[in-house]
Amino acid sequence: MIILKSPWEIERLRVSNRLVAEVLHELARIIEPGITTLELDRFAEAFLLKRGARPAFKGYNGYPHALCTSVNEAVVHGLPSKRRLKEGDIISLDLGSVVDGYYGDAAVTIPVGQVSEDARRLLQVTKEALDRAVAAARDGNRLSDISHAVQSHVEAYGFSVVRVFVGHGIGRALHEEPQIPNFGPPGMGPLLRPGMVLALEPMVNVGSPEVVVLEDNWTAVSKDRSLSAHFEHTVVITEHTTEVLTQWD
Ligand code: MF3
Ligand code: CO
């Protein structure tokens, strides 16, 4: 069952998601060659706590940090560490918050200094794929219209969509129904309705869509070690429009 949110709940979700966006914006400003992914994690956690929020990922299925930091070939769930970022890296930052019991969730992939042409195109196309997903997530469409919008955009550029991770409903839990694949035919699945709150999150590889998990049991990397990008917005569908709750720029 997809839980429809009341206007009061949507206001709570606005607060939680706006905070996530604000932290991601600040993280983007402090990223530079030499900073460690653990420093980014500490910054994010301190920022959330200072605002009376709790990091949603910490303790979730035993995840040990506030932030996921996925560098280069890492797709998602990269563990913060003493690794120092270097010029030319790309890093996905994925953050969740809980405020008054309501969850926020968003991710952005950021270039560290000057990056390769391949990396620039990957970031551009993945961000555009998220924009397509947001546009498809509207009252009267069907769930798989979102999936199809992402896949068709990504594959038109010769990149591939990761299959094993999906977007999701979000509210009083981090993961609610429905699951939202980033691939599939249009016109299938449940009708999208006002009051639905969805976390849309395309994950895109330059090479094959296959993913493997490293020995740390968290970091998911592309099997062929090609570059990977991930962008995520939480949105609410209303009668007239779809509102992005995690606008970060
Ligand atoms: N944005 C991811 C998701 O929605 C992050 C989950 S990381 C975890 O699933 F640590 F919480 F698992
Ligand atoms: Co998510």
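Each remark here, short or long, concerns the structure printed above.
Residues numbered from 1 in each chain as written. Chains lettered and ligands numbered in written order. Predicted model: local features only at pLDDT ≥ 70, side-chain atom pairs only at ≥ 80, totals over all residues. Heavy atoms only, no water.

Trainee: So what exactly am I meant to see when it comes to the nonpolar core here?
Mentor: Side chains of a nonpolar character, in soluble globular proteins, are inclined to be buried together. Within the largest apolar cluster, 54 residues are counted, with the highest numbers of intra-cluster contacts made by L40, I91, L93, I146 and L200. If you tally residues by element for this core, the top one is helix α3 (residues 117–136), at nine residues. Ignoring any residue separated from it by four or fewer positions in sequence, one finds L93 in contact with L24, L27, I31, L40, L67, C68, T69, A106, A107, V108 and I110. If you look at the next biggest cluster of nonpolar residues, it comprises 15 residues, including A56, Y63, I170 and L174. (Core = buried A, V, L, I, M, F, W, Y, C linked by side-chain atoms within 4.5 Å. Buried < 20%, exposed > 50% of the residue type's maximum accessible area, 1.4 Å probe, protein only. Helix = DSSP H or I, 4+ residues; strand = E, 2+ residues; numbered from the N terminus. Contact = heavy atoms within 4.5 Å.)

Trainee: I tried to follow the pattern of salt bridges on my own but got confused; where do I start?
Mentor: Two side chains of opposite charge can pair, provided their charged atoms sit close to one another. Taken as a whole and judged by the stated rule, the model has ten salt bridges. Residue E22 is joined to R51 by a salt bridge in which the shortest nitrogen-to-oxygen separation is 2.6 Å. With E22 in helix α1 (residues 7–30) and R51 in the loop between α2 (37–50) and β1 (54–55), this pair connects stretches of sequence that are 29 residues apart. Accessibility expressed as a relative area gives 30% for E22, which makes it partly exposed. Exposure remark for R51: the relative accessible area of 43% places this residue in the partly exposed category. Here the salt bridges share partners, and the residues they tie into one network are E11, R14 and E243. (Salt bridge = Lys/Arg side-chain N within 4 Å of Asp/Glu carboxyl O.)

Trainee: Help me out: how do you make sense of unusual backbone geometry in this one?
Mentor: For residues besides glycine, phi is generally negative; the peptide bonds are generally trans as well. Across the junction of E177 and P178, the peptide omega takes the value 0°, indicating a cis bond. With respect to the helices and strands, P178 occurs in strand β8 (residues 176–180). Here N72, not a glycine, exhibits a phi torsion of approximately 55°, which is positive. Relative to the elements of secondary structure, N72 occurs in the loop between β2 (67–71) and β3 (74–76). Positioned with a positive phi, H77 is a non-glycine residue whose angle comes to about 65°. Mapped onto the elements of the fold, H77 is located in the loop between β3 and β4 (90–99). Judged by relative accessible area, H77 falls into the partly exposed class, the value being 25%.

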